[in-house]
Amino acid sequence: MIEILTTGGTIDKVYFDALSEFQIGPAAIPDLLRENNVHVPHRVTQLMRKDSLEIGDADRAAIRAAVEASEATRILVTHGTDTMVVTGRVLAGIAGKTIVMTGAMQPASVRASDAEFNVGFALAAAQTLPPGVYIAMNGMIFDPATTEKDRAGARFVASAE
């Protein structure tokens, strides 16, 4: 069984006509899984509905506590891409669990979104990788300790250190 913890981020953004902007809506992942006929045993828990730039230390502590408290050994965390690496580093050191983080550069609600691919890729990664913390984005697996978001390239890359 895979525990899926949602935190918000671009993947969950929806367009509100009256406001002419995107806002965080309900977790997109239940619909993505249903629409793509995914039957891997899972449970979805929405932890928060925040843009990752609004996620602070207390939120990261809550995400870590939820991962630690989960009976599942395989966990998928959906998260905004701007601070996904920071949260991934906070999750380091949790023994015996495979923790995979993913998100999207475009909301799941838009046609040209990378959300479906990233979620499917992350689900496969969560089922096959050994214990540790990983970021599954752009068809690649990254270690949060050595990764950064390349905003101009709209992708994740190895840190330039």
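Residues numbered from 1 in each chain as written. Predicted model: local features only at pLDDT ≥ 70, side-chain atom pairs only at ≥ 80, totals over all residues. Heavy atoms only, no water.

Colleague: Where do I start with the packing of aromatic side chains in this structure?
Modeller: What characterises a pair of aromatic rings is the spacing of the ring centres plus the angle enclosed by the ring planes. The final tally for this structure, using the stated rule, is two aromatic pairs. Note on Phe117 and Phe121: the rings are 5.9 Å apart at their centroids and 10 degrees apart in plane angle, and the pair reads as stacked. Of this pair, Phe117 and Phe121 are both found in helix α4 (residues 115-128), four residues apart, which corresponds to roughly one turn of the helix. (Phe/Tyr/Trp six-rings, centres within 6.5 Å; stacked < 30°, edge-to-face > 60°. Helix = DSSP H or I, 4+ residues; strand = E, 2+ residues; numbered from the N terminus.)

Colleague: For this particular structure, what's the right way to read the environment of Leu5?
Modeller: Secondary-structure assignment places Leu5 in strand β1 (residues 2-8). Non-local contacts of Leu5, meaning those with residues more than four positions away in its chain, are made with Thr45, Leu47, Ala66, Val67, Ile75, Leu76, Val77 and Thr78. (Contact = heavy atoms within 4.5 Å.)

Colleague: How do you make sense of the side chain of Glu3 when you look at a structure like this?
Modeller: Relative to the elements of secondary structure, Glu3 occurs in strand β1. The exposure class assigned to Glu3 is buried, which follows from its relative accessible area of 4%. Among the polar contacts listed, one links the side chain of Glu3 to the side chain of Thr45, at a separation of 3.1 Å. Apart from residues no more than four positions distant in its own chain, Glu3 is found in contact with Arg43, Thr45, Ser70, Ala72, Arg74, Ile75 and Leu76. (Buried < 20%, exposed > 50% of the residue type's maximum accessible area, 1.4 Å probe, protein only. Polar contact = N/O pair within 3.5 Å; in protein donor to acceptor, adjacent residues only side chain to side chain.)

Colleague: Help me understand the sheet that holds strand β6 (residues 98-102), please; the structure alone is not making it clear to me.
Modeller: The strands that make up a sheet are held in pairs by hydrogen bonds between backbone atoms, and each pair lies either parallel or antiparallel. A sheet is described by the order of its strands in space; here six strands give the open sequence β4-β1-β5-β6-β7-β8, paired in mixed fashion. Of all strands in the sheet, those bounded by a partner on one side alone are β4 (42-50) and β8 (140-142). Across the sheet, the mean angle separating the axes of adjacent strands is 25 degrees when strand polarity is ignored. Relative to β4, β1 is paired through six bridges, and the arrangement is parallel. Paired with Thr6 across the strands is Gln46, a residue of β4. Contacts from helix α2 (residues 57-69) reach β1, β4, β5 (74-78) and β6, with the element oriented near 170 degrees to β4. Sheet contacts for helix α3 (residues 84-91): β6 and β7 (132-137); angle to β6, the most-contacted strand, approximately 170 degrees. (Pairing = 2+ DSSP bridges. Axes fitted to C-alpha atoms, helices over the stretch in contact; angles between N-to-C directions.)

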